[in-house]
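Per-entry structural report
What follows is the residue order along each chain.
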Amino acid sequence: MEHEAPAALRRAVAAAVHETDLLDALTALCAQPSPHGREGAAGRALADWATARHPHLRWRVEPLHRTPAAPDSANLLATSVLGDAPELLVYSHLDTSLTGEDDFDAPITGSTGPPPALRLPTAAEPVVSGFGLGVARAAAAAALVGIAATARVCRSAGRPHRLTLLLAAAGTHRHEPAGSGVVHHLDHHPAPDAAIVAKSGPPTVLVAEPGAMFLRIRLTSRFHPVLSRRSAVPPGGLIAHAGVVIDALETFRRAHLASRADRTDQVGAELGIGAVRAGQPDKPDLLPGVLEFDGYLVTVPGDDPALITETLRATLTDALRHTPLRDCGLTVTGRAVHPAAATPVDAPICHHAHAAWQATHGQPPPQVRGWTGSTDGVVLRGRGVPTVRLGPPPLAPDPTDPRRDSYAVADLLRFARLYADIALRHQHSSTE
């Protein structure tokens, strides 16, 4: 009977995941803005809703240290503990990459006005869509419902378990970080036995993720009035030669990626320029004396951020030597966010995730190479926590509004049950 019980429990947990619960959780997650560093209000409102809806879990909001960049940042925790069992942490985050505010979002999206409202499924279109579902409300809702169902069934069956759902603050990359919610959690709580990162990604189970670093390229010269642009250094002003820098950066990118193209593991490298700054929009009759480029570089195991920064500096110095920018000041700085990290494939959580995927999809997780998305899973692995990442796949982007993310309800339900199944397998193997 001991070997039959887990299968019966898995069926019970799968049956306990309901579409109504999922849609209600998604509605609660989307009810308030949750921008980076200001997630507290959304966390408190969600905690109030979840306490009434899932009282078998203990819900609490844990504020982070307040700073000007993060005046109301907080994690939301839900726990269920029965008996003596190792802890499984299921992680997603409260904040969204975009804020819903034009001053921050419009330069990125090209769109203005209120963000698109949550659109619930209909019989004709069983799809949910809205703002912030991709990062990371869709996966967070699936994780919330899946773990709530697992805890409820385990409690009813008297099954020992220790489950923690962490919807963390500051889970998206920023050049000036507000403070990582997962780091705060690990600093103030014992490390869990294993973790699941619930976030959209490739259609597989990721056991490894790349790291990340920020790069800043800064060119300086004297400022000049536009009226005297012919005598400016460089002629025409810095902005007139921005293409020279961009071409040099693309040359560096091609060489950087080519040197890492023969990798055979799950992670891959990438580099992109996400911001260019110069001058004052309110004073465009002055040619700026500073031109800055900010880039995001995805790192792979073995990458040395200091060496990458120095190689980029040398590439740019050489590329600009015979251009009008040769007499301008050049500085290149790099800041590592976190290194790439991997979980051993024979770790129990990897076995449980692969077995649950096989049971759900009827085949093993597909092989993926060169994945370039980095999450706080690397933070967990860096603290010695065996971690897997998986999440529901988004549908095609909305051509009318790039801020609207869409998901098939069937996929969200499937992943809610996947999270639940992995959690149940982990708890059973840890306590049998």
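As the structure is a computational prediction, the values presented were derived from the model and not from experiment.

**What about the layout of surface pockets?**
By volume, the largest pocket is sized at about 1600 Å³. Per-class residue counts for the lining of the largest pocket are 17 nonpolar, 17 polar and twelve charged.

**Concerning the pattern of salt bridges**
In the structure shown here, the tally under the stated rule is 24 salt bridges. Here R10 ties to D421 by a salt bridge, and the two come within 3.7 Å at their closest N and O atoms. Of this pair, R10 sits in helix α1 (residues 4–16) while D421 sits in helix α11 (residues 409–431), and the two are 411 residues apart along the sequence. The exposure class of R10 is partly exposed, given its relative accessible area of 27%. Note that D294 and R277 form a salt bridge whose closest N and O atoms lie 2.4 Å from each other. With D294 in strand β12 (residues 290–299) and R277 in strand β10 (residues 270–278), this pair connects stretches of sequence that are 17 residues apart.

**Let's talk about the sheet that holds strand β5 (residues 161–168)**
In sheet architecture, strand pairing relies on hydrogen bonds along the backbone and comes in two forms, parallel and antiparallel. If you trace the six strands from one edge of the open sheet to the other, you get β1-β2-β5-β3-β6-β15, paired in mixed fashion. Looking at which strands have only one partner, the edges of the open sheet turn out to be β1 (58–63) and β15 (387–390). The average angle at which neighbouring strand axes cross in this sheet is 20 degrees, direction not considered. Pairing geometry for strand β2 (residues 74–82) and β5, over seven bridges, is antiparallel. If you follow T79 over to β5, its bridge partner there is T164.

**Regarding helix α3 (residues 40–53)**
The end-to-end C-alpha distance of α3 is 20 Å, a good match for the 20 Å that 14 residues give at a rise of 1.5 Å each. Taken together, the buried residues of α3 touch α2 (19–29), β1, β2 and β5.

**Quick word on the environment of H428**
Relative to the helices and strands, H428 resides in helix α11. With relative accessibility at 14%, the residue H428 sits in the buried group. A polar side-chain atom of H428 sits 2.4 Å from a polar atom in the side chain of R159.

**Remarks on the pairing of β15**
On any regular strand, side chains alternate: one points to one face of the sheet, the next to the other face. Along β15, one buried face is formed by T387 and R389 and the opposite face, lined by V388 and L390, is buried too. Inspection of the sheet shows strand β6 (residues 194–198) paired to β15 by four bridges, in the parallel sense. Looking at β15, one finds that A198 is bridged to L390.

**Some details on the packing of aromatic side chains**
Counting across every chain of the model gives three aromatic pairs. Aromatic pair W357 and F415: ring centres 6.0 Å apart, planes at 75 degrees, arrangement edge-to-face. Here W357, found in helix α9 (residues 348–361), pairs with F415, found in helix α11; they are 58 residues apart in sequence, far enough to count as distant. Members of the aromatic cluster, each reached through a chain of ring pairs, are W357, F415 and Y419.

**Focus: the sheet that holds strand β8 (residues 211–220)**
Within the open sheet, the four strands sit side by side as β10-β12-β8-β13. Their pairing is antiparallel. With one partner strand each, in any of the chains shown, β10 and β13 (329–338) form the two edges of the open sheet. On average, each strand axis in the sheet is tilted by 15 degrees relative to the strand beside it, whichever way the strands run. The sheet contact formed by β8 and β13 spans nine bridges and is antiparallel. By the bridge assignment, L215 is partnered in β13 with G334.

**Some words on the confidence of the model for the protein**
Chain-level statistics for the protein give a pLDDT mean of 94 and a share of 97% at 70 or above. A low-confidence stretch, residues 1–5 stays under pLDDT 50, and its non-local contacts, those more than four residues away or across chains, total three contacts.

**Details of the packing of α2 against α3**
Where α2 meets α3, the closest approach of the two axes is 9 Å, and the angle between their N-to-C directions is 160 degrees. On the basis of the axis angle, α2 is roughly antiparallel to α3. When you trace α2 past α3, the crossing you get is right-handed. When α2 is examined against α3, the residues T20, D21, D24, A25, A28 and L29 are found in contact with a partner set consisting of L46, W49 and R53. Among the residues forming the contact of α2 with α3, the class breakdown is five nonpolar, one polar and three charged.

Criteria and cut-off values
- Residues numbered from 1 in each chain as written.
- Predicted model: local features only at pLDDT ≥ 70, side-chain atom pairs only at ≥ 80, totals over all residues.
- Heavy atoms only, no water.
- 1 Å grid on protein atoms, 1.4 Å probe; cavity = no way out; pocket = protein on both sides within 12 Å on 5 of 7 lines; lining within 4 Å.
- Points joined across faces, edges and corners; volume = space filled by probe spheres on them.
- Nonpolar A, V, L, I, M, F, W, Y, C, P; charged D, E, K, R; others polar.
- Salt bridge = Lys/Arg side-chain N within 4 Å of Asp/Glu carboxyl O.
- Helix = DSSP H or I, 4+ residues; strand = E, 2+ residues; numbered from the N terminus.
- Buried < 20%, exposed > 50% of the residue type's maximum accessible area, 1.4 Å probe, protein only.
- Pairing = 2+ DSSP bridges.
- Axes fitted to C-alpha atoms, helices over the stretch in contact; angles between N-to-C directions.
- Expected span 1.5 Å × (residues − 1).
- Contact = heavy atoms within 4.5 Å.
- Polar contact = N/O pair within 3.5 Å; in protein donor to acceptor, adjacent residues only side chain to side chain.
- Phe/Tyr/Trp six-rings, centres within 6.5 Å; stacked < 30°, edge-to-face > 60°.
- pLDDT = per-residue confidence, 0-100.
- Parallel < 35°, antiparallel > 145°, perpendicular 65-115°, else oblique.
- Left-handed = near helix turned anticlockwise from the far one by under 90°.

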